[in-house]
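# Architecture and fold: a report
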Amino acid sequence: MAERRPSRPLEEALRQRRVLVVCGAGGVGKTTTAAAVALQAAFWGRRVLACTIDPSRRLATSLGLTQLSEKPRRLALERLGFEARGTLHAMTLDTKRTFDALVERFAPSEAARGRILDNRFYRQVSDALAGTHEYMAMEKLLELQDDERFDLVVLDTPPTRHALDFLEAPDRLLSFLDTGILRFFLKPYFVAGRLTLRIATRTGALAFSMVDKYLGLRFLQDLSEFFLAFEGLYAGFKERAAQVFELLRDPGSGFVLVASPARLSLDEALYFHRRLVEKKMPFVGLVVNRLHPDPAAGARRGGTPPRLEPAFAEKLVAVHRDLRTLARAERRGLARLEVDTGMAPLLVPELESDVHDLRGLAEVAAAIFGTAPVKLRRRVS
Ligand SMILES: Nc1ncnc2c1ncn2[C@@H]1O[C@H](COP(=O)(O)OP(=O)(O)OP(=O)(O)O)[C@@H](O)[C@H]1O
Ligand SMILES: [Mg+2]
């Protein structure tokens, strides 16, 4: 195939940049898009690492991964029937394990490390605290982008309710660890790392008995130990977070946003785009996934219509009309998006089945980059 000049920012990013972050609200197709564009970059000759988070079991299997493949594994693209000038590695990112590794790295002593990792509260927090998973994905990115085997890392992001949660996660996590209200509340009583009778001051006793009633003494102890142990870690965390932000802002990085064609999702995409611009982060593309086909587009006029039962024909007309209304509403939303972002969205149709193998990924990539026609599903139900 003749080399084309990169015509779009996403294509330029895949050919030349070092980091691509794929964001979007839960379930819109982030993992699918991340894997598809990584595959495309390998077709174009780059040495790519696709770092996925919780891919579906079938997709993971197709990528040669088990749920716990923390190490990049190379896909034998040729053996699978794909001609690629570059290489594709894939891995799944375990955000919990990344957090542990970070604690190990920054804990001031062996004892502190053990205290944190075994702490019940840490085990809860590292799993449940809003922003932890997003933050850890960014953290991993710092490590991966130094790996000599790759010249492009494509990072999938964890499921969030809103795309923006990903960007705001580090701030939230750090401010929680820094001057979190819990810490403020607990520290005077637990500064020695143990419970003392000092909690029996009037206000303290009241607050404490309320907390104890709901959370339990043991929990409070865990919590206080957790904050004390984290004290030494905090500076290291903060420094890493600053490096992450620098990396995300670097001209060698790029953000892709994935959205569904529903109005709310497009509104959110617009807002996300605005925030990226405000934060001076490089936005390189908007993928609108699972677009419905317009049944009227490309329909041939004239010819003899098939003879149908009148009742059935009536139903068909109704389905056709509904689908057309939906497709047109989606396209109006897209037009507005294009005006507001100054960038044409990249469209991926709803495919015949979910995307669980390389062929499916190649089909998605072909839709995004317009390299081959994609068959549209025409559902009549
Ligand atoms: N264009 C498409 N046509 C048909 N199925 C699709 C399409 N895009 C994605 N899917 C399917 O939708 C499901 C969700 O996609 P995916 O896992 O990529 O979403 P996600 O944004 O990563 O979700 P999460 O937020 O949970 O991580 C998958 O089963 C995937 O195969
Ligand atoms: Mg996903």
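Residues numbered from 1 in each chain as written. Chains lettered and ligands numbered in written order. Predicted model: local features only at pLDDT ≥ 70, side-chain atom pairs only at ≥ 80, totals over all residues. Heavy atoms only, no water.

In terms of helices and strands, the chain carries 14 helices and eight strands. A burial count over the chain gives 50% of its 381 residues as buried. Partitioning the contacts of the chain with sequence separation of at least 6, the portion at a separation of at least 24 is 77%. Here the chain has roughly 19,900 Å² of accessible surface; of this, 54% comes from carbon and sulfur atoms. (Helix = DSSP H or I, 4+ residues; strand = E, 2+ residues; numbered from the N terminus. Buried < 20%, exposed > 50% of the residue type's maximum accessible area, 1.4 Å probe, protein only. Contact = heavy atoms within 4.5 Å. Areas by Shrake-Rupley, 256 points an atom, 1.4 Å probe, with all protein chains shown as cover.)

Now for the packing of aromatic side chains. On inspection of all chains with the given rule, the structure shows two aromatic pairs. On the basis of an interplanar angle of 20 degrees and a centroid distance of 5.9 Å, the ring pair of F43 and F82 is categorised as stacked. Highlighted residues: F43 in helix α2 (residues 30-43) and F82 in the loop between β3 (73-74) and β4 (87-92), separated in sequence by 39 residues. Comparing F43 with F82, the two get one shared label, buried. (Phe/Tyr/Trp six-rings, centres within 6.5 Å; stacked < 30°, edge-to-face > 60°.)

This brings us to the side chain of S253. Note that S253 resides in strand β6 (residues 253-259). Exposure remark for S253: the relative accessible area of 1% places this residue in the buried category.

Side chains of L308, F312 and L316 sit close together on the surface and give an oily, nonpolar patch of about 250 Å² of accessible area. Of note, L316 is situated in helix α13 (residues 310-341). Among the residues examined, L316 registers a relative accessible area of 31% and is labelled partly exposed. (Patch = residues over 30% accessible without salt bridge, like charges linked within 9 Å, V, L, I, M, F, W, Y side chains within 5 Å. Salt bridge = Lys/Arg side-chain N within 4 Å of Asp/Glu carboxyl O.)

Below, the discussion takes up the packing of α2 against helix α14 (residues 358-369). The N-to-C vectors of α2 and α14 enclose an angle of 80 degrees; their axes lie 8 Å apart at closest approach. The pairing of α2 with α14 is recorded here as roughly perpendicular in orientation. When α2 is examined against α14, the residues T32, T33, A35, A36, V37, L39 and Q40 are found in contact with a partner set consisting of L358, L361, A362, V364, A365, I368 and F369. Broken down by class, the residue content of the contact of α2 with α14 amounts to 11 nonpolar, three polar and no charged. (Axes fitted to C-alpha atoms, helices over the stretch in contact; angles between N-to-C directions. Parallel < 35°, antiparallel > 145°, perpendicular 65-115°, else oblique. Nonpolar A, V, L, I, M, F, W, Y, C, P; charged D, E, K, R; others polar.)

In this section: the confidence of the model for the chain. Residues at a pLDDT of 70 or more form 75% of the chain, whose mean pLDDT is 79. Predicted confidence is poor over residues 185-203, with pLDDT under 50, and the contacts of this stretch with residues over four places away or in other chains come to 28 contacts. (pLDDT = per-residue confidence, 0-100.)

Before going further, it helps to spend a moment on the site of ligand 1. In the region of ligand 1, 17 residues are neighbours, and G27, K30, T31, T32 and V355 sit closest. Within the backbone of V28, a nitrogen or oxygen atom sits 3.2 Å from an oxygen atom of ligand 1. Contact distances for ligand 1 include 3.0 Å between a nitrogen atom and a backbone N or O atom of P349. Protein coverage of the free-state accessible area of ligand 1, which is 640 Å², stands at 82%. When residues of the shell around ligand 1 are traced back to their parent elements, those giving at least two are α2, β7 (283-291) and β8 (346-349). (Near = heavy atom within 4 Å. Polar contact = N/O pair within 3.5 Å; in protein donor to acceptor, adjacent residues only side chain to side chain.)

Another aspect to go through is the pattern of salt bridges. On inspection of all chains with the given rule, the structure shows 13 salt bridges. R290 is paired through a salt bridge with E350; the nearest N and O atoms lie 3.0 Å apart. Separated by 60 residues along the polypeptide, R290 in strand β7 and E350 in the loop between β8 and α14 bring together distant segments of the chain. By relative accessible area, E350 is classed as buried at 10%.

Our focus in this paragraph is the nonpolar core. Ranked by internal contacts, the top residues of the largest apolar core, which has 47 residues, are L10 and L20. Of the residues forming this core, the biggest block, nine residues, is contributed by α2. Beyond its immediate stretch of four places on either side in the chain, L20 contacts L10, A13, L14, V37, L152, V153, V154, L155, G254, V256 and V284. Ranked by size, the runner-up nonpolar core spans 39 residues in total, among them L93, A137, F166 and V288. (Core = buried A, V, L, I, M, F, W, Y, C linked by side-chain atoms within 4.5 Å.)

As a further point, take the sheet that holds β7. Spatially, eight strands are ordered β3-β4-β2-β5-β1-β6-β7-β8 in an open sheet, and the strand pairing comes out mixed. The strands lining the two open edges of the sheet, one partner per strand, are β3 and β8. Relative to strand β5 (residues 152-156), α2 is tilted by about 165 degrees, and along the sheet it contacts β1 (19-24), β2 (47-52), β4, β5, β6 and β7. Where helix α7 (residues 132-144) meets the sheet, its contacts fall on β1, β2, β4 and β5, and the angle it forms with β5 comes to roughly 170 degrees. (Pairing = 2+ DSSP bridges.)

Quick look at α7 now. An α-helical turn contains 3.6 residues, so any two residues separated by three or four positions project in the same direction. The end-to-end C-alpha distance of α7 is 18 Å, a good match for the 18 Å that 13 residues give at a rise of 1.5 Å each. For α7, the buried fraction is high: 11 of the 13 residues fall into the buried class. Considered for burial, the residues of α7 that qualify are T132, E134, Y135, M136, A137, M138, E139, K140, L141, L142 and L144. (Expected span 1.5 Å × (residues − 1).)

So, about the packing of helix α4 (residues 95-106) against α7. Running from N to C, α4 and α7 point in directions that differ by 70 degrees, and their axes come no closer than 9 Å. Of the possible angle classes, the one that applies to α4 and α7 is roughly perpendicular. Crossing of α4 against α7: the hand is left-handed. Counted together, T95, T98, F99 and L102 of α4 and T132, H133, Y135, M136, A137, E139 and K140 of α7 form the full contact between these two elements. In the contact of α4 with α7, the residues fall into five nonpolar, four polar and two charged. (Left-handed = near helix turned anticlockwise from the far one by under 90°.)

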